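# Chains, contacts and geometry: an overview
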Amino acid sequence: PPPPPPPPFSVTWFLFPFFLLGFVLLPLLSFCSSSPSAFPLAAGFSLLVFGGAYYGVSNGYRACKIDPMDDELRDYLLVQGGKGRTTAKDGLSFCWVCQVHVNKTSKHCRFCCKCVGGFDHHCAWLNTCVGERNYPAFFRAVSGIFWFVSWEAAAFIVLVARWFAEGPSGVLRENVRAAYGTSSDQSEFVFIAFAIAYALVLIVTAAMIAQLYFFHTMLQRKGMSTFDYVVADARKQQEREKEEGERNWKNEQERKRRKELGQTQVCRVCWVGGRKEEDCGKDKGGSGGAAVVDGGAGGAEETEGGKHSVEMGSIVVRDLEHEQGI
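Per an unreviewed UniProt entry, the chain goes by the name Palmitoyltransferase and belongs to Tetraparma gracilis. What UniProt states about the chain under its Subcellular location (unreviewed entry) heading is, verbatim, "Membrane". Here the chain is described in UniProt, under the heading Catalytic activity (unreviewed entry), as follows: "L-cysteinyl-[protein] + hexadecanoyl-CoA = S-hexadecanoyl-L-cysteinyl-[protein] + CoA".

This is the structure in structure tokens:
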């Protein structure tokens, strides 16, 4: 049996009527009044919001009704009745789950339990796979929902802005009192609190849908699918991790080599060799910034002024003036 609908699918069916009902009860009724000048504002927002909602929902329904199944798999089920074996051909690959040769651009979806032609991704919000056949309808659905939510958010922003700009004696508040029969300041506070909460939810939702819309717009310009993008991004991440691992390994080998040769390490601040890393910038001799290190058999050596690094065997005298300036 098919798996139960994912939570995002249930959220979709809740948010859509929630947004429509909120638009009718809050901005639309508030904009309506006996004044002829209020009609264009209410009619304009109604046309944009309801038009975008219809366009998005109708195309979302088409995206769900169009079966994105691979053509080879469909022919195998309809023509051969799901019996026998398919023949290998150029441009085909074998699906070990479906036991059928399918197109190379097809991928097996574990949620839909079938191979999807031109696989793009599995949409949890519509609870369907998006492939080559239903991708146009899916993109139109995203465009319509983005249009719908954006214009409704704009209507709520206009409502809140007019509420505070006009003041208690404004036309907007008179419309609210007439529509809802409110007369107290407490009732008006509840109304504007709901309006602000709706506006914030709509703005966040519009931002999320905008990200999805522009992401798929970018994919279409590059001629990529969502699956191709995810695979390419994973490969880049693996390459970065591999390069970082190799770099860390080389640094570790270099530290071991320095330790074996002269018991020296590289200063992390100025990258000048010193006997002890913790001595960097600490050993200062007088005002000139002299550095004293053990010269081995030759005894201690000193540099005045800290302006030069003098190599003594495997020990390097650090330029303390340089280090202190970093």
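Structure's up, so let's keep going.
## Comments concerning the layout of surface pockets
There is about 870 Å³ of room inside the largest pocket. As for the largest pocket, its lining consists of 26 residues, and the residues nearest its centre are Thr 12, Trp 125, Leu 126, Ile 145 and Ile 209. Contributions of two or more residues to the lining of the largest pocket are made by helix 1 (7-31), helix 2 (39-65), helix 4 (135-166) and helix 6 (185-222). A per-element tally of the lining of the largest pocket places helix 1 first, with 7 residues. Looking at side-chain class alone, the lining of the largest pocket contains 21 nonpolar, 5 polar and no charged residues.

## Details of the pattern of salt bridges
Enumeration over the complete set of coordinates arrives at 7 salt bridges. Two residues, Arg 162 and Glu 166, come together in a salt bridge whose shortest N-O distance is 2.9 Å. With Arg 162 and Glu 166 both in helix 4 and 4 residues apart, the pair spans about one turn of that helix. Exposure remark for Arg 162: the relative accessible area of 24% places this residue in the partly exposed category.

## A short note on the environment of Leu 26
One can find Leu 26 in helix 1. Judged by its relative accessible area of 8%, Leu 26 falls in the buried class. C-alpha of Leu 26 to C-alpha of Ala 179: the two residues are 153 residues apart in sequence and 10.0 Å apart in space.

## Some words on the packing of helix 4 against helix 6
Two elements in contact, helix 4 and helix 6, have axes whose closest approach is 8 Å; the angle formed by their N-to-C orientations is 150°. Accordingly, the angle class assigned to the pair helix 4 and helix 6 is roughly antiparallel. Handedness of the helix 4/helix 6 crossing: left-handed. In the contact of helix 4 with helix 6, the residues fall into 27 nonpolar, 6 polar and 2 charged.

## Considering a nonpolar patch on the surface
There is a patch of nonpolar side chains on the surface, built from Leu 21, Val 24, Leu 25, Leu 29, Phe 50 and Tyr 180 and spanning about 470 Å² of accessible area. No other element matches helix 1, which puts 4 residues into the nonpolar patch. In this structure, Leu 29 sits in helix 1.

## Observations regarding the state of the cysteines
Under the defined criterion, the tally for this structure stands at 0 disulfides. Free cysteine: Cys 95, not disulfide-bonded; nearest cysteine sulfur from Cys 115 at 3.3 Å. What makes Cys 95 buried here is its relative accessible area of 9%. Sulfur of Cys 129: no disulfide; nearest cysteine sulfur belongs to Cys 109 and is 3.1 Å away. Residue classification places Cys 129 among the buried positions, given a relative accessible area of 0%.

## Here's the deal with the pairing of strand 2 (residues 100-103)
Judged from the 4 bridges that link them, strand 1 (residues 92-95) and strand 2 form a sheet pairing that is antiparallel. Its bridge partner lying in strand 2, Phe 94 is registered against His 101. Linking strand 1 to strand 2, which pair antiparallel, is a turn of 4 residues; within it Gln 99 sits at a positive phi near 60°.

## Remarks on the UniProt feature "transmembrane region" (unreviewed entry) in the chain
With numbering matched to this structure, UniProt assigns "transmembrane region" (unreviewed entry) to residues 12-31, 37-57, 145-165 and 189-215. Annotated as 100% helix and 0% strand, the span residues 145-165 places its first and last C-alpha atoms 30 Å apart. For residues 189-215, the helix share is 100%, the strand share is 0%, and the end-to-end C-alpha distance is 39 Å.

## So, the nonpolar core
Of all hydrophobic cores here, the largest spans 37 residues; its most connected members are Phe 138, Phe 148, Phe 156 and Leu 159. For this core, the secondary structure elements donating two or more residues are helix 1, helix 2, helix 4, helix 5 (171-180) and helix 6. No other element matches helix 4, which puts 13 residues into this core. If near-sequence neighbours (up to four positions away) are discounted, Leu 159 is found in contact with Leu 26, Pro 27, Ser 30, Phe 31, Leu 172, Phe 191 and Ala 195. In this structure, Met 69, Cys 95, Cys 98 and Cys 115 belong to the second largest nonpolar core, which totals 8 residues.

## Focus: the packing of aromatic side chains
Both the distance between ring centres and the angle between the ring planes are used here to describe each pair of aromatic rings. Scanning all chains against the criterion turns up 19 aromatic pairs. Judged by centre distance (6.1 Å) and plane angle (45°), the ring pair of Tyr 135 and Phe 138 falls under tilted. Taken together, the residues span about one helical turn, with Tyr 135 and Phe 138 both in helix 4 at a distance of 3 residues. When the ring of Phe 139 is compared with that of Tyr 213, the centres are 5.6 Å apart and the planes differ by 20°; the resulting orientation is stacked. With Phe 139 in helix 4 and Tyr 213 in helix 6, this pair connects stretches of sequence that are 74 residues apart.

Thresholds applied
- Residues numbered from 1 in each chain as written.
- Predicted model: local features only at pLDDT ≥ 70, side-chain atom pairs only at ≥ 80, totals over all residues.
- Heavy atoms only, no water.
- UniProt positions renumbered as here; feature names shortened; annotations may be inferred.
- 1 Å grid on protein atoms, 1.4 Å probe; cavity = no way out; pocket = protein on both sides within 12 Å on 5 of 7 lines; lining within 4 Å.
- Points joined across faces, edges and corners; volume = space filled by probe spheres on them.
- Helix = DSSP H or I, 4+ residues; strand = E, 2+ residues; numbered from the N terminus.
- Nonpolar A, V, L, I, M, F, W, Y, C, P; charged D, E, K, R; others polar.
- Salt bridge = Lys/Arg side-chain N within 4 Å of Asp/Glu carboxyl O.
- Buried < 20%, exposed > 50% of the residue type's maximum accessible area, 1.4 Å probe, protein only.
- Axes fitted to C-alpha atoms, helices over the stretch in contact; angles between N-to-C directions.
- Parallel < 35°, antiparallel > 145°, perpendicular 65-115°, else oblique.
- Left-handed = near helix turned anticlockwise from the far one by under 90°.
- Patch = residues over 30% accessible without salt bridge, like charges linked within 9 Å, V, L, I, M, F, W, Y side chains within 5 Å.
- Areas by Shrake-Rupley, 256 points an atom, 1.4 Å probe, with all protein chains shown as cover.
- Disulfide = S-S within 2.5 Å.
- Pairing = 2+ DSSP bridges.
- Core = buried A, V, L, I, M, F, W, Y, C linked by side-chain atoms within 4.5 Å.
- Contact = heavy atoms within 4.5 Å.
- Phe/Tyr/Trp six-rings, centres within 6.5 Å; stacked < 30°, edge-to-face > 60°.

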